[in-house]
Amino acid sequence: MLTNYVYKLRPNQTQTLKMSNWVDMLRSHFNWCLSDRITQYSQQFIQGNYCDIRTKSEACPLTSCVSKNGATGEPWKTSKTDKEGKVKNPRRNPGDIQITALPELKAARPWFAGIDSTVLQQNVKRLDTAYKNFFEGRGFPKFKNRSNFTSFTFVMGVKIQGNKIYLPKLGWMRFHKSRPISGSFTIKACAVRRRQNGWYVSIRIEDKSIPDYTTKPLKGVVKVIGCDMGITKLVHLSDGDQIENPKFSTTKKTKRTLKIRQRRVTRKAKGSNNRKKAAKKLGLFHQKISDKRQAYQWKVANKIVSRRVDAIALEDLNISGMMRRCRVKIDEKTGRFLKNGQSRKKGLNRSISDASWGELILKIEYLAAKQGKVAIKINPKHSSQECRNCGHIDKSNRDGEKFICTECGYHEHADIGAAKTIRDRALNLVRGDSAKPGVSA
């Protein structure tokens with residue numbers, strides 16, 4: 001079994017300063033590696049064939065590199081054979097090349113030698129993961145700044161004794177041991193992260209003698225509960241229960257406090273100590289909101305998963321699409337911009353972000369797997385506009401939280417009806433067409 005434990009560190013002043021310097025240097029190294037890959041791609045695959053000055057002949061970028069100064073400038077390595085006598089592929093990927101070039105980086109910039117070698121290697125692999133996500137359809141890797149690069153990772157050399165942890169080149173460090181670690185677990189990796197109120201460590205531990213969580217097969221599912229995410233209420237359940245939405249960052253008091261603290265930051269001189277203090281206060285308030293939201297979501301997820309059901313039917317939401325900006329409208333005659341409803345949608349986007357449906361769904365899936373239950377993703381299209389009595393779908397069926405079918409007159413709570421529809425769709429998926437609508441969870 002593989003799991004993660006998070007603890008708050010208690011570093012001394014020297015260790016705090018060293019970790020802050022590490023984060024700054026690793027961010028610079030990440031940005032340099034990304035810039036090097038972008039430059040090499042532009043030179044090799046966009047500019048086309050070129051003339052090699054040394055050989056005075058035309059060279060192809062697929063077989064040789066234009067720039068020899070970058071870390072990705074030597075893509076070829078000595079051919080080797082495996083045990084069966086086959087020649088291995090001599091071409092290296094950019095990640096291997098940049099990891100191989102780390103000794104040259106330390107020789108050119110001696111201050112990088114103070115960072116543990118595995119931390120530098122994991123920094124390059126972090127960029128590899130970003131490129132892998134890009135090739136799978138996500139966004140292109142972005143250059144990092146101080147706000148979105150706050151962590152580094154160890155993969156070996158980490159030791160724990162009591163309430164102390166040893167990190168290579170940082171030494172022994174105390175931490176708040178909020179939960180014990182069994183002696184049968186081995187440490188696989190360790191990520192150190194800086195937050196507004198201090199440094200935290202996330203320890204990945206593994207015990208091969210403990211089997212992983214096993215979920216119940218779909219054929220064994222008998223009872224299902226449907227969940228419909230909302231804003232007025234956080235979750236509507238198919239059994240009629242509704243879970244409140246505290247709206248941690250969109251209440252009147254919270255928005256006023258955020259506005260005041262943000263204004264205090266902008267009114268201070270840039271680079272001054274007073275501005276740093278005001279920014280830290282603002283950051284601590286944001287972290288307090290985030291911690292409250294996380295704690296409440298775990299409570300809600302436990303409440304949903306602990307019910308006597310075999311499966312939880314969840315909406316397969318495209319949250320980023322729901323929060324996308326409205327299309328621009330332009331008057332054909334005058335060329336001026338027309339109202340497109342974006343000012344009203346801005347408040348809705350903030351409410352969706354505050355509800356954090358994606359994080360809540362992940363927590364429900366995790367706890368369901370932990371208890372051997374199944375979490376089923378269901379397409380929520382027209383779930384709140386479909387009549388459960390006659391199946392008629394019409395946008396006018398719903399008026400706020402009221403649902404009145406324009407075809408047969410059937411009426412109920414719109415969101416609870418949507419949760420029941422999601423439950424029935426999950427039952428149809430599990431059992432096939434023989435599932436009857438309206439089966440209670």
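In this text the structure is predicted, and so the values were computed from the model without any measurement. (Residues numbered from 1 in each chain as written. Predicted model: local features only at pLDDT ≥ 70, side-chain atom pairs only at ≥ 80, totals over all residues. Heavy atoms only, no water.)

1. Re the nonpolar core
Here comes step 1: Formed by 37 residues in total, the largest nonpolar core has its most connected members in Phe152, Phe154, Ile165, Leu167 and Val192.
Here comes step 2: The element best represented in this core is helix α1 (residues 13–46), accounting for 8 residues.
Here comes step 3: Sequence-distant contacts of Phe154, defined by excluding residues within four places in its chain, comprise Trp22, Asp116, Thr118, Val119, Leu167, Pro168, Leu170, Ala189, Cys190 and Val192.
Here comes step 4: Listed in part, the 30 residues of the second largest apolar core include Tyr296, Ile312, Trp357 and Ala368. (Core = buried A, V, L, I, M, F, W, Y, C linked by side-chain atoms within 4.5 Å. Buried < 20%, exposed > 50% of the residue type's maximum accessible area, 1.4 Å probe, protein only. Helix = DSSP H or I, 4+ residues; strand = E, 2+ residues; numbered from the N terminus. Contact = heavy atoms within 4.5 Å.)

2. Observations concerning the environment of Thr215
Here comes step 1: Relative to the helices and strands, Thr215 is located in the loop between β9 (198–206) and β10 (224–229).
Here comes step 2: The class for Thr215 is partly exposed, based on a relative accessible area of 45%.
Here comes step 3: Sequence-wise, Thr215 and Gln371 are 156 residues apart; in three dimensions their C-alpha atoms are separated by 7.7 Å.
Here comes step 4: Once you skip the residues sitting within four places of it in the chain, Thr215 turns out to touch Ala369, Gly372 and Lys373.

3. Topic: the sheet that holds strand β6 (residues 164–167)
Here comes step 1: Strand order in the open sheet formed by 7 strands is β4-β8-β9-β1-β7-β6-β5, with antiparallel pairing between adjacent strands. Both outer strands of the open sheet, β4 (151–154) and β5 (159–161), are each paired with one neighbouring strand and no more. On average, adjacent strands in this sheet sit at an angle of 35 degrees to one another, irrespective of strand direction.
Here comes step 2: Here strand β1 (residues 2–10) pairs with β9 via 7 bridges, running antiparallel. For Tyr5, the partnering residue across the bridge sits in β9 and is Ile203. (Pairing = 2+ DSSP bridges. Axes fitted to C-alpha atoms, helices over the stretch in contact; angles between N-to-C directions.)

4. Regarding the side chain of Arg27
Here comes step 1: For Arg27, the location among the structural elements is in helix α1.
Here comes step 2: Note on Arg27: relative accessible area 12%, which makes it buried.
Here comes step 3: Beyond its immediate sequence surroundings of up to four residues, Arg27 is in contact with Lys144, Asn145, Arg146 and Phe149.

5. Focus on the pattern of salt bridges
Pairs may arise between side chains of opposite charge once their charged atoms sit close together.
Here comes step 1: One pass over the structure, following the stated rule, counts 18 salt bridges.
Here comes step 2: For Asp424, the salt bridge is made with Arg388, and the minimal N-O distance between the two is 2.6 Å. Here Asp424 is found in helix α10 (residues 414–431), whereas its partner Arg388 is found in the loop between β16 (374–378) and β17 (398–399), with 36 residues between them in sequence.
Here comes step 3: One connected set of salt bridges, linked through shared partners, spans Arg388, Glu412, Lys420, Arg423 and Asp424. (Salt bridge = Lys/Arg side-chain N within 4 Å of Asp/Glu carboxyl O.)

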